[in-house]
Amino acid sequence: MAAKLIEKLTAIVGAANVVPEPEARRQYANDQYWYAIAAAAAGQPLSRPDVAVKPTTPQQVAQIVRVANELSVPITPWGGGSGVQGAANADRSGIVIDLRAMNRIREIDLKSLLCVVDAGMTCRDFEAELNQQGLSFTHYPASTEWATIGGSIAARGSGVLSSKYGKIEDHVLSIEFVTPTGELITTPSVPRHAAGPELTQLLIGSEGTLGIVTAASVKLRALPKKRVFGAFAFENIRDGIEAGRRIMVSGLRPPVMRLYDHHAASHSLARAVEVELHTPTMILMFDGEYPELVELEAKIAFDICRECKGKDLPSKIAETWWERRYVFYYPPYAPELPSIWGTVDVVSDFKVIEAVYHATTEAMRAACPPEYGLQLNTHLSHWYEWGSMVYARMKIPKGPANLAEAKALHDQVFYAGVEASMKAGAVLNDHHGVGMRLAPYMKAQYGEGMLALSRIKKGLDPNNILCPGKLELTPELV
Ligand SMILES: Cc1cc2nc3c(=O)[nH]c(=O)nc-3n(C[C@H](O)[C@H](O)[C@H](O)COP(=O)(O)OP(=O)(O)OC[C@H]3O[C@@H](n4cnc5c(N)ncnc54)[C@H](O)[C@@H]3O)c2cc1C
């Protein structure tokens, strides 16, 4: 069977683009989910592909999917492998389809400011090419060097500019994708139509279970001519949240508005900007084409912060954060084993957001035995006109050496935060997706809706080929 599979894949993409095991298991051993990294390091990888394949055209992707159906072999799509929830791990073996060889801009429509881009292009390369023409995609995830356009769409990602420009689902007009049975489809060219359900949005966030995205038509913008920065210290998180709320409901749109609690301000933010900070701190950035407009917007927002008892800090703090925004996600700053790390990122409306913040952080602190010295830094970013995201970033500097014990400690702290946030009225999650880490909570979030989702999965993927078992979709029960 393995030989037959490899022979068929080689006939489609050529031997140079087929990676059999054991090399496939080495190259695709884990994404960036802490447990996937820890398990791979312990010689027990969650991801165990039999073969990886690197198609160069959408037609090849479709052919590969048809072969997988014929031989009943599962497929897991792989973008940059930067996901932090474990979604890209090939936990049921089979084929990994690595999409990074499909990495070009296909066309740019300067009149409509639209672009068709291959799914395997990294966000960094896409943005760099656009910037040369004075354009921007405005989707700036902190993982820009790894994350692909297709992976961002599949995991429903968000970038640091989302409070003004939106999340990935707001950037995408249409997608080209291969169905789980191997048909190549392009959705209608615009998302604003009344011709039935929106197929594009069904695929966004589906984490490889409903189709393989091969290209997308996305919105572009001109690079801004002006940026204005501001920073404010608040006595407590409540005042900072109120300032953020008033800014958003008033219709102002700061691309960057990040409110750090006092732990995050004094640790992660202070380290990033090399300034001592001790109280909840908000950094803001406004941008746009017309300098007068940008300055006016910033002035109104800064006045709101002052009305909410915010004290002016040097704007240089926000400017330095902006300049260094990617640095702190990579070595030597990124956590490494034997630490345990992870982020509970949840979203809620303004009515309950303060309660969500307290419930989540208190539950995580209470769940970690003191001897492990939990570091918990929380901020609110990705604001909406109705609410915001709470991003509780945990790090246990030295976890148990035994993998099962380390996992038990991770689960105890991480899921305490997840459950407390849901109980307080939050929704999972803002932008990190579901993966293996949050799959057990799909039922709690969707209730009977899981049956509808499983029926969709069964209808589209009768042979259960694409990422079987992921997202807790259980077509076999339908
Ligand atoms: C340091 C760091 C910082 C991060 N910062 C952010 C951030 O600011 N914002 C954010 O949103 N996320 C962030 N993430 C998480 C991660 O980068 C995102 O989830 C990203 O969208 C994943 O993209 P990827 O190409 O790496 O996808 P992968 O991790 O390879 O895959 C993610 C999921 O999508 C599926 N998939 C991948 N490509 C396709 C495709 N073409 N078609 C169908 N399914 C596909 C995979 O099977 C998997 O289920 C961060 C991660 C790290 C490690």
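Keep in mind it's a predicted model, so treat the numbers as computed, not measured.

Chemist: Go over the overall build of the protein chain with me, naming the residues and quoting the values.
Modeler: Counting its secondary structure elements, the protein chain contains 18 helices and 19 strands. For 478 residues, the compact-globule formula gives about 23 Å, and the C-alpha radius of gyration of the protein chain, at 22 Å, lands near that figure. Dimensions of the protein chain, computed from C-alpha atoms along their principal axes, come out at roughly 70 × 60 × 45 Å. Within the span of the protein chain, comprising 478 residues, buried residues form 51% of the whole. Counting contacts in the protein chain only where the partners sit at least 6 residues apart, residues at least 24 apart contribute 72% of the total.

Chemist: Give a description of the pairing of strand E3 (residues 75-78) that names residues and reports values.
Modeler: Side chains Ile75 and Pro77 project from E3 onto one buried face, and the interleaved Thr76 and Trp78 project onto a second face that is buried too. When E3 meets strand E4 (residues 95-98), the two strands line up parallel, connected through four bridges. Following the sheet pairing, tryptophan 78 is matched in E4 by aspartate 98.

Chemist: Let's hear about the domain arrangement of the protein chain: which residues, and what values?
Modeler: The assigned domain composition of the protein chain is domain 1 (2-98), domain 2 (105-222), domain 3 (226-329), domain 4 (340-441) and domain 5 (447-477). Between domain 3 and domain 4, the residue contacts involve 16 residues of the former and 15 residues of the latter. At the level of elements, helix H10 (237-249), strand E13 (256-260) and helix H11 (262-273) are the ones that each hand at least two residues to the side of domain 3 that touches domain 4. Ranked by residue count, the leading element in the side of domain 3 that touches domain 4 is H10, at seven residues. A breakdown of the residues in the side of domain 3 that touches domain 4 according to their chemical character gives eight nonpolar, four polar and four charged.

Chemist: Break down the site of the ligand for me, citing the residues and quoting the values.
Modeler: Taken together, 38 residues form the shell around the ligand, and within it Gly79, Gly83, Gly150, Gly151 and Gly157 come nearest. Sorting the residues of the shell around the ligand by element identifies E3, helix H6 (149-154) and strand E10 (212-219) as the ones contributing at least two each. Residues that form the shell around the ligand fall into these classes: 17 nonpolar, 19 polar and two charged.

Chemist: Tell me about the sheet that holds strand E19 (residues 427-428), residues and numbers included.
Modeler: Across the sheet, which stays open at both edges, the eight strands sit in the order E15-E12-E14-E13-E17-E18-E16-E19 with antiparallel pairing between neighbours. For this open sheet the edge positions go to strand E15 (311-313) and E19, each flanked by a neighbour on one side alone. Pairing of strand E16 (residues 340-349) with strand E18 (residues 387-396), which is carried by 10 bridges, proceeds in the antiparallel orientation. Note that in E18 the partner of threonine 343 across the bridge is arginine 393. Packed on one face of the sheet, H11 meets E13, strand E14 (281-288) and strand E17 (375-381) and runs near 95° to E17. Across the sheet, helix H15 (residues 403-423) lies against E16, E18 and E19, angled at about 10° from E16, the strand it touches most.

Chemist: Before we move on, can you summarise the packing of H10 against helix H14 (residues 350-367) with the specific residues and values?
Modeler: Viewed as axis vectors pointing N to C, H10 and H14 meet at an angle of 150°, and their least axial separation amounts to 11 Å. Taken together, the axes of H10 and H14 are roughly antiparallel relative to one another. Where H10 crosses over H14, the handedness of that crossing is right-handed. In this structure, H10 uses Ile237, Arg238, Ile241 and Arg245 to contact H14, whose residues at the interface are Phe350, Ile353, Glu354 and Tyr357. For the contact of H10 with H14, a count of residues per class yields five nonpolar, no polar and three charged.

Chemist: Please give an account of the sheet that holds E10 that cites residues and values.
Modeler: Here five strands make up an open sheet; going across it, the order is E5-E6-E10-E8-E9 and the pairing antiparallel. Of all strands in the sheet, those bounded by a partner on one side alone are strand E5 (105-109) and strand E9 (184-186). Averaged over all pairs of adjacent strands, the angle between their axes in this sheet comes to 15°, without regard to strand direction. Bridging between strand E8 (residues 172-178) and E10 involves six bridges; their strand directions are antiparallel. If you follow valine 172 over to E10, its bridge partner there is valine 218.

Chemist: Can you tell me about the packing of H10 against helix H12 (residues 291-307), naming the residues and giving the values?
Modeler: Two numbers describe how H10 lies on H12: the axes approach to 9 Å, and their chain directions differ by 145°. Handedness of the H10/H12 crossing: right-handed. Residues Ala243, Arg246 and Ile247 of H10 form the contact with H12, whose own contacting residues are Ala301, Ile304 and Cys305. A breakdown of the residues in the contact of H10 with H12 according to their chemical character gives five nonpolar, no polar and one charged.

Chemist: Outline the environment of glycine 120, supporting the account with residue identities and numerical values.
Modeler: Looking at where glycine 120 falls in the secondary structure, it is placed in the loop between strand E6 (114-118) and helix H5 (123-131). Between the C-alpha atoms of glycine 120 and alanine 334, which are 214 residues apart in sequence, the distance is 24 Å. Setting aside chain neighbours within four positions, we find glycine 120 in contact with Gly79, Leu99, Arg100, Ala101, Met102, Asn103, Thr148 and Gly150.

Chemist: Account for the nonpolar core, naming residues and giving values.
Modeler: Met282, Ile283, Leu284, Ala318, Val356, Val390 and Met394 are the most contacted members of the largest nonpolar core, which has 74 residues in total. One finds Val53, Ala87, Val172 and Leu473 within the second-largest nonpolar core, a separate group that totals 65 residues.

Chemist: Before we move on, can you summarise H10 with the specific residues and values?
Modeler: Compared with the 18 Å implied by 1.5 Å per residue over 13 residues, the 18 Å span of H10 between its first and last C-alpha is a close match. Those residues of H10 lying buried are Ile237, Asp239, Gly240, Ile241, Glu242, Ala243, Gly244, Arg245, Ile247 and Met248. Looking at the residues trailing H10, positive phi occurs at glycine 251, about 95°.

Scoring rules and cut-offs
- Residues numbered from 1 in each chain as written.
- Predicted model: local features only at pLDDT ≥ 70, side-chain atom pairs only at ≥ 80, totals over all residues.
- Helix = DSSP H or I, 4+ residues; strand = E, 2+ residues; numbered from the N terminus.
- Rg over C-alpha atoms; globule rule 2.2 N^0.38 Å.
- Buried ≥ 20, exposed ≤ 12 C-beta atoms within 10 Å, placed from the backbone.
- Contact = placed C-beta atoms within 7 Å.
- Pairing = 2+ DSSP bridges.
- Domains from an automatic or database assignment.
- Nonpolar A, V, L, I, M, F, W, Y, C, P; charged D, E, K, R; others polar.
- Near = placed C-beta within 6 Å.
- Axes fitted to C-alpha atoms, helices over the stretch in contact; angles between N-to-C directions.
- Parallel < 35°, antiparallel > 145°, perpendicular 65-115°, else oblique.
- Left-handed = near helix turned anticlockwise from the far one by under 90°.
- Core = buried A, V, L, I, M, F, W, Y, C linked by C-beta atoms within 7 Å.
- Expected span 1.5 Å × (residues − 1).

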